[in-house]
Amino acid sequence: MKRFSLLFAAGCLLLVSALVFRDFLFGEALLLYKDSGSDSINDYYPSFVHLSEYLRLQGLPSWSFYLGMGQDLFYLVGYLILEPVTWLPKESIAPWLIFQHLAKVLVAGLCFFRFLQLRGLHLLASLLGSLLLSFSAYMCMGTCWYPLADEVLCFTAILLAIELALKRGRWFVLAPAVALVGLLDSFHLYLCAVFLLLYVPARLCGQYGWRPRVVLRLALLLAGAAILGVGLSAVITLPNLYAVVNSPRGSDAASAVARLTAFPVFGLESQLHYLTAALRPFANDILGTAEPFRGWQNYLEAPLTYCGLLCLILLPQVFVGTPRRLQLIFGLFLTGVLLTTIFPWFRHLFWLFQGDYYRALSLFSILGIVTLSAIAFSRYLEGRSLNLWLLAATMLVVVGTLYLPVEEMQRRLDPALKLHATLFLLSYAGLLAIGQLLKRRNLTGCLIVAVTAFELVLFDHITVSNRSTVSKQELKARVGYNDETVDAIRDIKASDSGSFYRVTKIRPSSLGVLPSLNDAMIFGYYGTPYYSSFNNINYINFLIAVDAIPPNSEIETRYSIGLLNDPILSLFAGEKYALVENPVFLQRTRHYEFVKQYGKDYLFRNAAFLPLGLTFDRYIPEDVFLKLPVREKPHVLLRAVVLSSASEAEKVGLSPVVLPDLEQEIRNSSLTDVAAARRKSALDLTSFGQTRIEGKVALEQKAVLVVQTPFDRGWEAFQDGRPTSTMKVDIGLLGVALDAGEHKVELHYQTPFLVLGAGISLGSLLLLALCVWRWPRLRLATQLSSDSRAAA
């Protein structure tokens, strides 16, 4: 029976999936969205492609020069498990995105179905809950913000693991479930802790009553399993935590903490916010889809609370005939939902004042609402009566909300969805009442599940399909990521065997509404722009110091344009080629040579090219450099290294520059002469890899080698086989102290905290195996009964 029920649920999930995603399965659409609110085509897809290439060419993700000016890629390693398309060849990734999402829908749906069955719910109620969660707004938005679907999968696994522990004694299942959450990122372990701290005590008190000793004992047992799960994921979460902390958002350099903590505790939001929060449970797109979204914030960060209209009228019924302690628990849950919606400060607190949005908070709400609605529906199917007066009152309030005479609300509502929602709500209320009055609950239950499936297909198809997507034809045509840039980069690599040089590409190739900053990851060249939520803070500090991006701009710490707007800084960074749409400026610049035209773009070679690794025996203090005029800074970087203090300069034996003399030198020397001098003493690369660089250098006196990549503690330097110190130079770049003479220089990179994390994960795995061998099952219910008898 158990196997049959799972197969039945899987069949229903697949059928609804086929209908919702029919345009992707049987049409020309790909699961890559072009609209400005989607990160799929400009962020996730380039990351998937780059991970796929990195695995084949380098192995385990580590430092990558394809990310901006260089960054550790390991913080995305969780994608290798949660986004299995990363293992495919890059040309197969886009077509398989739809099957990856459908697999997540199926697994998350079956996990939730089994969770509800373990809670003792009726088969139809379990199926209903599975459908409502799997095709909720949150899961559907995971078609373009892929981690949202991962969150549904991970937290559903947590719920199932807790039930398996309580009902079957399989406590150890919680450990890998928590570890799965850790694959998302280190911050999600905090969200997991919040979830467990709220859910586990409520679950135990709800089932076992007010017995503090029993609840505490069981909670501690589950906490032990969860801690083992945190340990299992340490090999991924520790390096990820380092990447987060070593970013502007994680270091408070560009975080929203100051602004959000200043918000009054009981301060209120705008009228538009409350309208959005009240209306989005009716349909995810009732206020518009993607670009035309007419609600608060944007399509993603507004409340994602749609999980079926049936929940709106079934939820109050869960309080009918329920023991008082359960009523209290259910009431506290709904109070929490309302509190974080009405008073934004509590929502900010949930996010540790890092963001003004809903996201996972909406998921937690959906999990609770769907579960309570499924409980109410299960009771109905088992013969317990609904309160028809409460049902009528609920219908009046819910439907009345859609027709409130508020001009602002009615102007923003989609009239077709408003009508559809009204008809569905009336149908559900009618079916529930008829089934109870005629005592044909199972028949009406089947009809309700069928109508719910129809509703989900109708509404979710709008969410996933009424948006601009990349087509299969566009993927093959010479547009987007398959435009003439492919030919340009191929020709550059065929004609230039140099081990390292950067390409400045001005025109983004993405088909998205917003320009992409991650083209280098797709086409396989070294550039300087990069979009990431967690850019390396030293990369950002360098860009701010040279005025490439403005200070105190949180957005530009993520959407970093790199050095695109300054040819001198690009020269310093190692630019050898420039691919531009407008050739006029480079045609007038002496050191650029025209090579060839590729479609809309013109390829130029930088004759003054500077290699990776420049040496300097003079320095300028950081405070002096920051006060220089914007136009002077690039020229100064070509003539001296920027150090934080005189004491640091003394350690490495550098002499200071006299600023007036340096300014005179800048005026009197040509860029060509300066570039030639820099090349003469630069590092002569003999071997270049993403994590291992080797070269030779000849110095007349002590100097600092400036490697044009962000400083990171994972880099180690060796001079003639002996370790030498690395330092932060130029307010964010990697520097190496070198002695006078001829030397062999080596640079090695290892992801920080990877070894420590691997040790913790291995130790946790061994401890888990030992505990499972010693206590394969804990009879938690039996222990509870014994404790209850002892207490009596």
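Conventions adopted
Residues numbered from 1 in each chain as written. Predicted model: local features only at pLDDT ≥ 70, side-chain atom pairs only at ≥ 80, totals over all residues. Heavy atoms only, no water. Helix = DSSP H or I, 4+ residues; strand = E, 2+ residues; numbered from the N terminus. Buried < 20%, exposed > 50% of the residue type's maximum accessible area, 1.4 Å probe, protein only. Contact = heavy atoms within 4.5 Å. Areas by Shrake-Rupley, 256 points an atom, 1.4 Å probe, with all protein chains shown as cover. Pairing = 2+ DSSP bridges. Axes fitted to C-alpha atoms, helices over the stretch in contact; angles between N-to-C directions. pLDDT = per-residue confidence, 0-100. Salt bridge = Lys/Arg side-chain N within 4 Å of Asp/Glu carboxyl O. Disulfide = S-S within 2.5 Å. Core = buried A, V, L, I, M, F, W, Y, C linked by side-chain atoms within 4.5 Å. Phe/Tyr/Trp six-rings, centres within 6.5 Å; stacked < 30°, edge-to-face > 60°. Lys NZ or Arg CZ within 6 Å of the ring centre and 35° of its normal. Patch = residues over 30% accessible without salt bridge, like charges linked within 9 Å, V, L, I, M, F, W, Y side chains within 5 Å. Parallel < 35°, antiparallel > 145°, perpendicular 65-115°, else oblique. Left-handed = near helix turned anticlockwise from the far one by under 90°. Nonpolar A, V, L, I, M, F, W, Y, C, P; charged D, E, K, R; others polar.

1. Examining the overall build of the protein
- Helices and strands together make up the secondary structure of the protein, namely 36 helices and 22 strands.
- Buried positions account for 59% of the 792 residues belonging to the protein.
- A separation of at least 24 residues holds for 74% of the contacts in the protein among residues at least 6 apart in sequence.
- Entry remark: accessible area of the protein is about 32,100 Å², with carbon and sulfur atoms responsible for 62%.

2. Overview of the sheet that holds strand S16 (residues 692–699)
- Pairing is antiparallel in the open sheet, where five strands are placed in the order S15-S16-S22-S18-S19. Because the sheet does not close on itself, it has two edges, and the strands there are strand S15 (684–688) and strand S19 (722–724). Ignoring strand direction, the axes of neighbouring strands in this sheet form an average angle of 30°.
- Where strand S18 (residues 715–719) meets S19, three bridges bridge the pair, whose relative direction is antiparallel. Within S19, the residue paired with phenylalanine 718 across the bridge is proline 723.

3. Some details on the confidence of the model for the protein
- Residues at a pLDDT of 70 or more form 97% of the protein, whose mean pLDDT is 93.
- Long-range and interchain partners of residues 784–792, a stretch whose pLDDT sits below 50, account for five contacts in this model, where long-range means more than four residues apart.

4. Focus on the pattern of salt bridges
- Considering all chains together, one arrives at 28 salt bridges under this definition.
- Put simply, arginine 412 and glutamate 408 hold a salt bridge, and the shortest N to O gap is 2.7 Å. Within this pair, arginine 412 and its partner glutamate 408 are both found in helix H20 (residues 407–412), separated by four residues, close to a single helical turn.
- Taking relative accessible area as the criterion, arginine 412 reaches 16% and is therefore assigned buried.

5. Some thoughts on the sheet that holds strand S14 (residues 655–656)
- Strand order in the open sheet formed by three strands is S13-S12-S14, with parallel pairing between adjacent strands. In the strand order of this sheet, the two ends are held by strand S13 (641–643) and S14, each with one partner.
- Here two bridges tie strand S12 (residues 618–621) to S14, and the two strands are oriented parallel to one another. Bridged to arginine 618 within S14 is serine 655.

6. Section: helix H9 (residues 174–182)
- Most of H9 sits out of view: seven of its nine residues are buried.
- Turning to H9, its buried residues are Leu174, Ala175, Ala177, Val178, Ala179, Val181 and Gly182.
- Here the buried face of H9 lies against helix H8 (146–168), helix H10 (186–208), helix H11 (212–232), helix H12 (234–245) and helix H35 (754–774).

7. Regarding the pairing of S16
- Here S15 pairs with S16 via four bridges, running antiparallel. Residue phenylalanine 688 lies in a different strand from S16, and its bridge partner there is isoleucine 693.
- Connecting the antiparallel pair S15 and S16 is a turn made up of three residues.
- Across eight bridges, S16 lies against strand S22 (residues 741–749) in antiparallel orientation. Residue isoleucine 693 lies in a different strand from S22, and its bridge partner there is leucine 747.

8. What to know about the environment of isoleucine 620
- Within the element layout of this structure, isoleucine 620 appears in strand S12.
- Overall, isoleucine 620 belongs to the buried group, its relative accessible area being 1%.
- Leaving out residues up to four positions away in the same chain, isoleucine 620 has contacts with Phe625, Leu628, Val636, Ala640, Val641, Val642, Leu643, Val657 and Leu659.

9. A few points about the state of the cysteines
- All chains considered together, the criterion is met by zero disulfides.
- For cysteine 111, which is in no disulfide, the shortest distance to another cysteine sulfur is to cysteine 154 and amounts to 10 Å.
- In this structure cysteine 111 comes out as buried when scored by relative accessible area, which is 16%.
- Looking at cysteine 140, it has no disulfide partner, and the nearest cysteine sulfur is the one in cysteine 144, 10 Å off.
- For cysteine 140, a relative accessible area of 2% corresponds to the buried category.

10. Some remarks on the side chain of serine 362
- Relative to the elements of secondary structure, serine 362 occurs in helix H18 (residues 360–381).
- Among the residues examined, serine 362 registers a relative accessible area of 1% and is labelled buried.
- Setting aside chain neighbours within four positions, we find serine 362 in contact with Tyr138, Pro303, Leu304 and Thr305.

11. Some words on unusual backbone geometry
- Unusually for a residue other than glycine, arginine 359 sits at a positive phi of about 45°.
- As for its placement among the helices and strands, arginine 359 is situated in the loop between helix H17 (344–350) and H18.
- The backbone phi angle of isoleucine 731 is positive, close to 60°, even though this residue is not glycine.
- Locating isoleucine 731 in the fold gives a position in the loop between strand S20 (726–729) and strand S21 (733–738).

12. Let's talk about the nonpolar core
- Core analysis: the biggest nonpolar cluster contains 266 residues, and Ile158, Phe377 and Leu432 have the highest contact counts within it.
- For this core, the element with the most residues is H8, which contributes 16 residues.
- Residue contacts for isoleucine 158: discarding those within four places in its chain leaves Leu174, Ala177, Val178, Val181, Cys192, Phe195 and Leu196.
- If you look at the next biggest cluster of nonpolar residues, it comprises six residues, including Ala256, Phe343, Phe346 and Phe353.

13. Some remarks on the packing of aromatic side chains
- Scanning the entire structure with this criterion turns up 51 aromatic pairs.
- Ring centres 5.5 Å apart and planes at 70° place the aromatic pair tyrosine 501 and tyrosine 577 in the edge-to-face group. Here tyrosine 501 is found in the loop between helix H24 (485–495) and strand S5 (502–505), whereas its partner tyrosine 577 is found in strand S8 (residues 575–580), with 76 residues between them in sequence. For the pair formed by tyrosine 501 and tyrosine 577, the shared burial category is buried.
- An aromatic cluster is defined as three or more aromatic residues linked by ring pairs; in this entry it consists of Phe155, Phe187, Tyr190, Phe195, Tyr199, Phe350, Trp351, Tyr357 and Phe364.
- Above the plane of the ring of phenylalanine 609 lies lysine 576, whose end atom (NZ or CZ) is 4.9 Å from the centre.

14. Brief notes about a nonpolar patch on the surface
- Judged by side-chain polarity, Trp210, Leu328 and Leu332 come together as a nonpolar surface patch covering roughly 360 Å² of accessible area.
- Owing to a relative accessible area of 55%, tryptophan 210 belongs among the exposed residues under this scheme.

15. Concerning the packing of H10 against H11
- Relative orientation of the contacting elements H10 and H11 amounts to 155°, with a least axis distance of 10 Å. When the axis of H10 is compared with that of H11, the two are roughly antiparallel. Crossing of H10 over H11 shows right-handed handedness. Here Leu189, Leu196, Val200, Leu204, Cys205 and Tyr208 of H10 lie close against H11, whose contacting residues are Val215, Leu218, Ala219, Leu222, Ala226 and Val230.
- Residues that form the contact of H10 with H11 fall into these classes: 12 nonpolar, no polar and no charged.

16. Regarding the environment of valine 652
- Following the sequence through the fold, valine 652 ends up in helix H32 (residues 646–652).
- By relative accessible area, valine 652 is classed as buried at 8%.
- The contact partners of valine 652, leaving out residues within four places of it in the chain, are Leu643, Lys702, Val704, Met727 and Ala737.

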